[in-house]
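Here is how the chains run, residue by residue.
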Amino acid sequence: MTVRDTIIETQDLTKYFGAMVAVDGVSIKIQAGTLHAIIGPNGAGKTTFFNLLSGNLKPTSGKVFYKGVDLTGKPIHRMIHLGMGRSFQITNIFPNLTVHENIRLASQAMENMNFRLLLDTAKMDRCEQRTAEVIERVGLKNQSYLPARVLSHGDQRKLELGMILAPDPELLLLDEPTAGMATDQVPELITLIQDVQKSGTKTVILVEHNMNVVMSVSDRITVMHQGKVIAEGTPAEIAANHEVQTAYLGGLYDLNL
Amino acid sequence: MKNNTNVFIKNRGILIFFAVMLLAPFLIGLLEGSSPAVILNNRGSMSKFLEGLGIEIFILAMFALSYDLLFGITGLLSFGHSMFFAVAAYLTGIALKTMHLPFWQVVLLVLLVAVIQALLFSLVLPRVKGVTFTLVSLGLASVFHIIVMSSDMINLTGADVGLQGVPVPAFISPVSERLRFYVIALSLLVATFLFYRRFVASPTGRVCVAIRENEGRAKMLGYNTTLFKIVVMVISSLTASIAGLLHALYQPIISPGVADLGYTVMGLLIVLVGGVGTLSGAIVGAFALRLLDFTLRRYIGESAAIITGAIYVIFVLFVPYGIIGTMNLRQFKTKQGWQRLLGLLKPKE
Amino acid sequence: MKTTLRKNSKAIIILVVIAAFLFVAARGMSGKDVIITVLRGFSIGSVTFLVAAGFSLIFGLLDVLNLSQGTLYMIGAYVGWTVYVRPDTFVDVLTPILLILAGFSLSSLWERFAKRIQLGAKPQKIAAWVMILVGFGLLALILTRYPIASWDLNNYSQSPITYSYMADQGMPIIPAEAVFQKISPFVAVIGILVTSSLSAFSIALLNSGTATTETANWRKYFVPGVLVLVGVLALVFNARITSWMYGMNSNWLFVIAILVSVISGVGLGALMETTLIRPLYSRPIYQLMLTLGLGTIGVQIVQAVWGRPEFVLPKPALFTGTGGVCPATNLADLFENHCSTILLLGGRVRVYDEIFIPIVGIIVLIVVWILLKRSRIGMIIRAGVQDRQMVEALGINVRRVFTLVFALGVGLAAFGGALAAPSSGLTPMMGEKLLLSALIALAIGGLTSFPGAALGSLLVGLIQQFMIKYGQIGIPLPFTDAVFKPSPPLVPASTVLLMVIVLLILPGGLLGTKE
Ligand SMILES: Nc1ncnc2c1ncn2[C@@H]1O[C@H](COP(=O)(O)OP(=O)(O)OP(=O)(O)O)[C@@H](O)[C@H]1O
Ligand SMILES: [Mg+2]
């Protein structure tokens, strides 16, 4: 396949919070099967952009198309069934349930058994199997029967990732999956993400602050600044882009080039 | 085969409870010197009285169970829960007394109305969340209470005196066939409990727990949380209505107090004392509170309610997990301690 | 610019809707009916507003839904009644209460003893519990022997109903004095101080593990000192104060009654917040359950102390004039003769119920509004409602502000109770009913909006009164000759209906912020 399909596309996506514009007329197309990074200084609007893509926020104006279908007005709980999974910058799990239960709930959503009131979940074999696989994959096997709240922050990030992998979505929106993780754990997680993306024909949109990671793993990069897209291209193109340099020089981050 | 034994072992607590409660009237009969035959003919005195107390506890426990499902499992704090119970009780009374319906039709009618009520609540569910839901439910239930109490309805509801003289079908008359009533109430309670257990372990039940923990996340996982809440609402309303129906059959007077906010608080109190979200806590709590209330009333009269209130406050402040919850926690901690000691902190299986 | 316009347009729409509603509602009525109904609506609205405003302040800043607000309203009414009708009981009760308060604030005295003894965590906990039990047990023992003149619920001629009735007829019964028999006054005073301070100390011990050491200064002993002094003085001059109060002009006695009930509301509020609510800020659901439980306990206590039957708080002389030029037709007559009613458009209007209460309500509205807008504390409250973290970040002692606001909110409710008592009468049910109205008012107006509380209360009051009026005169149904008379249950039902409609359209209420 040479010409890839567009999996998700935004048209003039804009979001105001009161008088402040957080996402300002963003139109991008993301190709299926790529790992696409979105970078930008703090407050650039990356998380807000994700919230618009995943339906957590309604855009002030503009549209989101997923595989050519307009997503505007679709309820959040439909998104995963369309094949879109999303992780959060601030850990968002079920703190009092076990790791196993967290992941199991994520896989269960894909089975059409939600309203079998008398079925014992332990007997949902496919779901249990999938859960075990995912737990293994994110490396939480030894903690699987602990309540999620007692995990270390890094393990909670892994759990969060596991909860997205469980339903096996085509498009993964990952909002700083490594945020707050110990540095030595980061490569492991990134490798995992790369694996996931390569092994299936999955698309990953990744928000990440660590430039080394971004430059080495992504196929394409979009740079946001003050709600606008200021550049898009391959890692090499972005590294050479003058405007990006200035945006970052004004911000807190160093491009590490 | 393996599964079969599992079911019994998993539910041994409630099955033992069932057996003990079934035998209890006869044992008490032996203590007071009446033979099982006398008990079977409902002629024991002490045992008959205690059967009555037991019936009250079973009804309360069922009401509390339905509240625990809503609040403890799904996290929906409704202050209008007594409405389900009271509507069923009054409906039973009115259908039997004024409308002279045959009993099976009454039961059907009560169940039907239970579903309708739950759907009525569900109408507001997706719109109002959290605290506002609590307030709206309180508002709806209060209106019902006021209607029941109003003197315009005196012919139907008996207003503030309560609904009296409901003709109870002879085969379950709490006077002449009390033992049968007792067994029916007990069986209904045990059946409900088993069903609830099952439900909480089912995919639907697990999602309900997820909703309690973090509704936003549950939505993101792809669950239409409103639907689950409606299902829970319906189940809870059905259970509370069956309890209300039993109440109407058992009590000589249906007092408007059952439509009151105080009755919801009673359910909340039972659940709290027993342990929020534990299901078995509802039964334990109902026993503990009803027996305590019974004893206190005996010795200090009306002001017993103040002491019950004080217990409530103490539980809220100091024993938030309730009796069962605290016990489970202890157990979990000891288990964890042992496992840590043995270096065995591994997944079970 | 744009936002202010939108805000205004909303307000305008609301006003237009209300005006239209009033117009339609009033069309079928005669002028005098309209005036009376509207005034009554204002009256009920004012009382509801007092409870709702307190509720909304507390919820806005503390995020606590104080569901005991209705009960506290009721307690305000009963306290007011006690001071007004049975000042002797009030004076008798004053001493032990002040002494207990003094004891509680003196609890740190025990620290010196405690510091000498070093116990492990567990023995200390046990010791604390033992001390609590001993302290409260002895306190209870002393209090049961402490003489307090009171009424007798089982004896009609000495029940609150009779006392109220006789006082209303202008012939108050002056009951016999309670005398010290089972305990000597000296032992009682010292005993209460010691046992209550011991209990307070052991509670502190239990909570913190070790008692906190503050630097000793004169202020620490000033407050308890004053409390003890006043308590003892009240004991020594008990008889004189009592007879002075019985002989007092009823208007002034009424003012005192209201003041006392507001003070006890504020005190109760402060006590509740510091001891019961504060440990639960991390568990909001339990907070909610706690206030609910406290509300029901309060009702039980009131039933046990004052009984179930309804009675009234007689109106002070200023509002009871009859005969001669009464009902007054002009202001001069009204003021000279203290008429109980006036004629407005040919309708008789009760001065206390339909004129005085709304005026007080409006005054409170303005005073609290100014307090919120102009004072420093008001500024902190408003900022806190908007963004609590920020206020905390500014280094303001939020705890103290929380206590203050809670106390203020409860004080408003108690004030409402005392104010409404002469018009609505006292029953143990009054709190629940009013809480319901207040909640509906808030849901309609917006849970954390102060003007919303006022608007919602007014709407609830008006709708209720119009429904009641129509219940009497009937609504002629269009196109038919039939007349529909809404029955009393429809009165609260109509307000709940309005609430549901408003919430379905605007989940945040009319003036509330979105979400
Ligand atoms: N719910 C909200 N209400 C008001 N303003 C918001 C809201 N969410 C985000 N903002 C503002 O929108 C802007 C963009 O925020 P966003 O979280 O999207 O940035 P980001 O690029 O994800 O930053 P970071 O790298 O820190 O995660 C910020 O200025 C933020 O303060
Ligand atoms: Mg972000």
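Quick notes on the rules
Residues numbered from 1 in each chain as written. Chains lettered and ligands numbered in written order. Predicted model: local features only at pLDDT ≥ 70, side-chain atom pairs only at ≥ 80, totals over all residues. Heavy atoms only, no water. Domains from an automatic or database assignment. Contact = heavy atoms within 4.5 Å. Buried area = accessible area lost by both parts, 1.4 Å probe. Salt bridge = Lys/Arg side-chain N within 4 Å of Asp/Glu carboxyl O. Polar contact = N/O pair within 3.5 Å; in protein donor to acceptor, adjacent residues only side chain to side chain. Helix = DSSP H or I, 4+ residues; strand = E, 2+ residues; numbered from the N terminus. Nonpolar A, V, L, I, M, F, W, Y, C, P; charged D, E, K, R; others polar. Near = heavy atom within 4 Å. Areas by Shrake-Rupley, 256 points an atom, 1.4 Å probe, with all protein chains shown as cover. pLDDT = per-residue confidence, 0-100. Donors = N, O, S within 2.8 Å, 3.2 Å for Na, K, Ca; no water. Buried < 20%, exposed > 50% of the residue type's maximum accessible area, 1.4 Å probe, protein only. Expected span 1.5 Å × (residues − 1). Patch = residues over 30% accessible without salt bridge, like charges linked within 9 Å, V, L, I, M, F, W, Y side chains within 5 Å. Lys, Arg positive; Asp, Glu negative; His and termini not counted. Charge placed at Lys NZ, Arg CZ, Asp CG, Glu CD. Core = buried A, V, L, I, M, F, W, Y, C linked by side-chain atoms within 4.5 Å. Pairing = 2+ DSSP bridges. Disulfide = S-S within 2.5 Å. Axes fitted to C-alpha atoms, helices over the stretch in contact; angles between N-to-C directions. Phe/Tyr/Trp six-rings, centres within 6.5 Å; stacked < 30°, edge-to-face > 60°. Lys NZ or Arg CZ within 6 Å of the ring centre and 35° of its normal.

1. What about the domain arrangement of chain A?
All names here are of chain A. Taken domain by domain, chain A consists of domain 1 (1-83 + 170-257) and domain 2 (88-168). Domain 1 and domain 2 are separated by 25 Å when their C-alpha centres are compared. At the interface, 22 residues of domain 1 touch 16 residues of domain 2. For the pair domain 1 and domain 2, the summed buried surface comes to about 1,600 Å²; carbon and sulfur atoms form 60% of the total. The interface formed by domain 1 and domain 2 contains two salt bridges. As a salt-bridge pair, lysine 202 and aspartate 168 come within 3.0 Å of each other at their nearest N and O atoms. The tally of links between domain 1 and domain 2 comes to six residue pairs in polar contact (both at pLDDT 80 or more). At the level of elements, helix 2 (76-82), strand 8 (171-175) and helix 6 (186-199) are the ones that each hand at least two residues to the side of domain 1 that touches domain 2. Its residues assigned to classes, the side of domain 1 that touches domain 2 comprises ten nonpolar, six polar and six charged.

2. As for the site of ligand 1
All names here are of chain A. Close to ligand 1 lie 13 residues; Asn42, Lys46, Thr47, Thr48 and Gln89 are nearest. A distance of 2.5 Å separates an oxygen atom of ligand 1 from a polar atom in the side chain of threonine 48. Here ligand 1, which alone exposes 630 Å², has 61% of that area covered by the protein. If you list the elements that add at least two residues to the shell around ligand 1, you get strand 2 (20-26) and helix 1 (46-54). By residue number, the principal contributor to the shell around ligand 1 is helix 1, which donates three residues. Grouping the amino acids of the shell around ligand 1 by side-chain chemistry returns four nonpolar, seven polar and two charged.

3. Details of the interface of chain B and chain A
Each partner contributes residues to the interface: chain B has 32 residues there, and chain A has 39 residues. Buried area between chain B and chain A, summed over both chains or domains, comes out near 3,000 Å², and the portion from carbon and sulfur atoms is 63%. Where chain B meets chain A, there are two salt bridges. As a salt-bridge pair, arginine 206 of chain B and glutamate 101 of chain A come within 2.7 Å of each other at their nearest N and O atoms. Across the contact surface, chain B and chain A share nine residue pairs in polar contact (both at pLDDT 80 or more). Breaking the side of chain B that touches chain A down by element, the ones donating at least two residues are helix 1 (2-10), helix 9 (178-201), helix 10 (203-220) and helix 11 (225-250) of chain B. The element that contributes the greatest number of residues to the side of chain B that touches chain A is helix 10 of chain B, accounting for twelve residues. Residue classes in the side of chain B that touches chain A are distributed as 17 nonpolar, seven polar and eight charged.

4. Examining the confidence of the model for chain B
All names here are of chain B. Mean pLDDT for chain B: 83, with 94% of residues reaching 70 or above. Model confidence for chain B, summarised as mean pLDDT per element, is weakest for helix 1 at 62 and strongest for helix 11 at 92. Note that pLDDT drops below 50 for residues 344-349; the model gives that stretch ten contacts with residues more than four away or on any other chain. The complex model carries a pTM of 0.82, and its ipTM stands at 0.84.

5. Considerations on the coordination of the magnesium ion (ligand 2)
Residues and elements named next belong to chain A. Protein-derived ligands of the magnesium ion (ligand 2) are Thr47 (OG1) and Gln89 (OE1), with the metal-ligand distances lying across 1.8 to 2.1 Å. Note that threonine 47 is positioned in helix 1 and glutamine 89 in the loop between strand 7 (84-86) and helix 3 (99-108), a separation of 42 residues in sequence. Given the relative accessible area of 26%, threonine 47 is considered partly exposed.

6. Let's talk about helix 5 (residues 81-97) of chain B
Taking 1.5 Å per residue as the helical rise, helix 5 of chain B with its 17 residues ought to reach 24 Å, and the 25 Å between its terminal C-alpha atoms agrees with that figure. Among the 17 residues in helix 5 of chain B, 16 count as buried, and that is most of the element.

7. Observations regarding a positive patch on the surface
A cluster of basic residues, Arg330 and Lys333 of chain B together with Lys122 and Lys125 of chain C, forms a positive patch on the protein surface. For the positive patch, the secondary-structure elements that each account for two or more residues are helix 15 (322-341) of chain B together with helix 6 (121-145) of chain C. Topologically, lysine 122 of chain C is positioned in helix 6.

8. Looking at the nonpolar core
Within the largest apolar cluster, 252 residues are counted, with the highest numbers of intra-cluster contacts made by Phe17, Phe79 and Tyr312 of chain B. Built from parts of two domains, this core gets at least three residues from each of domain 1 (1-83 + 170-257) and domain 2 (88-168) of chain A. When near neighbours in sequence (up to four residues on either side) are disregarded, tyrosine 312 of chain B contacts Val265, Leu268, Leu269 and Leu272 of chain B together with Met289, Leu290, Leu292 and Gly293 of chain C.

9. Structural notes on a nonpolar patch on the surface
Taken together, the side chains of Phe222, Val223, Val226, Leu229, Val230, Leu233, Val236 and Phe237 of chain C present a nonpolar region at the surface, about 700 Å² in accessible area. If you trace the backbone, valine 236 of chain C turns up in helix 9 (residues 218-236).

10. Looking at the pairing of strand 9 (residues 203-207) of chain A
All names here are of chain A. Here strand 9 lies mainly inside the structure; five of its five residues are buried. Side-chain alternation along strand 9 places Thr203, Ile205 and Val207 on one buried face and Val204 and Leu206 on a second face that is also buried. Looking at chain direction, strand 4 (residues 35-39) and strand 9 are connected through four bridges and run parallel. For alanine 37, the partnering residue across the bridge sits in strand 9 and is leucine 206.

11. A few points about the state of the cysteines
Tallied over the entire structure, the rule returns zero disulfides over all chains. The closest cysteine sulfur to the non-disulfide-bonded cysteine 127 of chain A is located on cysteine 208 of chain B, 16 Å from its own sulfur. Residue cysteine 127 of chain A is classed as buried on the basis of its relative accessible area, which comes to 0%. Judged by relative accessible area, cysteine 208 of chain B falls into the buried class, the value being 0%.

12. Thoughts on the sheet that holds strand 4 of chain A
All names here are of chain A. Spatially, 7-8-9-4-10-11 is the arrangement adopted by the six strands of the open sheet, whose pairing is mixed. In this open sheet, the two edge strands, each paired with only one partner strand, are strand 7 and strand 11 (228-233). With direction set aside, neighbouring strand axes in the sheet form an average angle of 15°.

13. A closer look at the interface of chain B and chain C
Between chain B and chain C, the residue contacts involve 36 residues of the former and 36 residues of the latter. Taking both partners together, chain B and chain C bury about 3,300 Å²; carbon and sulfur atoms supply 82% of that area. Three residues, Arg127, Leu135 and Leu317 of chain B, lead the burial of chain B against chain C; their summed loss comes to 17% of the area buried on that side. In this structure, the connection of chain B to chain C is made through zero salt bridges.

14. With respect to the pattern of salt bridges
Residue and element names in this part refer to chain C. Under the definition given, this model contains 24 salt bridges over all chains. Of the charged contacts, one joins lysine 469 and aspartate 33 as a salt bridge, the two residues approaching to 3.6 Å between their closest N and O atoms. Of this pair, lysine 469 sits in helix 19 (residues 450-473) while aspartate 33 is found in helix 2 (residues 31-62), placing the two residues 436 residues apart along the sequence.

15. Quick notes on unusual backbone geometry
Phi is positive for glutamate 176 of chain A, which is not a glycine, with a value near 45°. Its location among the elements puts glutamate 176 of chain A in the loop between strand 8 and helix 6. The phi angle at leucine 279 of chain B is positive, at roughly 65°, despite the residue not being glycine. Relative to the helices and strands, leucine 279 of chain B resides in the loop between helix 12 (261-274) and helix 13 (280-300).

16. Overview of helix 3 (residues 69-85) of chain C
Its 17 residues give helix 3 of chain C an end-to-end C-alpha distance of 24 Å, which sits within 8% of 24 Å, the value for a rise of 1.5 Å per residue. Along helix 3 of chain C, 16 of the 17 residues are buried, which leaves the element largely enclosed by surrounding structure.

17. Here we look at the packing of aromatic side chains
Counted according to the given criterion, the structure contains 28 aromatic pairs over all chains. One aromatic cluster is present, built from ring pairs that chain together Tyr78, Trp81, Trp151, Trp306 and Phe311 of chain C. It is arginine 86 of chain A that lies over the ring of phenylalanine 88 of chain A; its NZ or CZ is 4.3 Å from the centre. Taking the ring centre of tyrosine 163 of chain C as reference, the NZ or CZ of arginine 86 of chain C above it sits at 4.4 Å.

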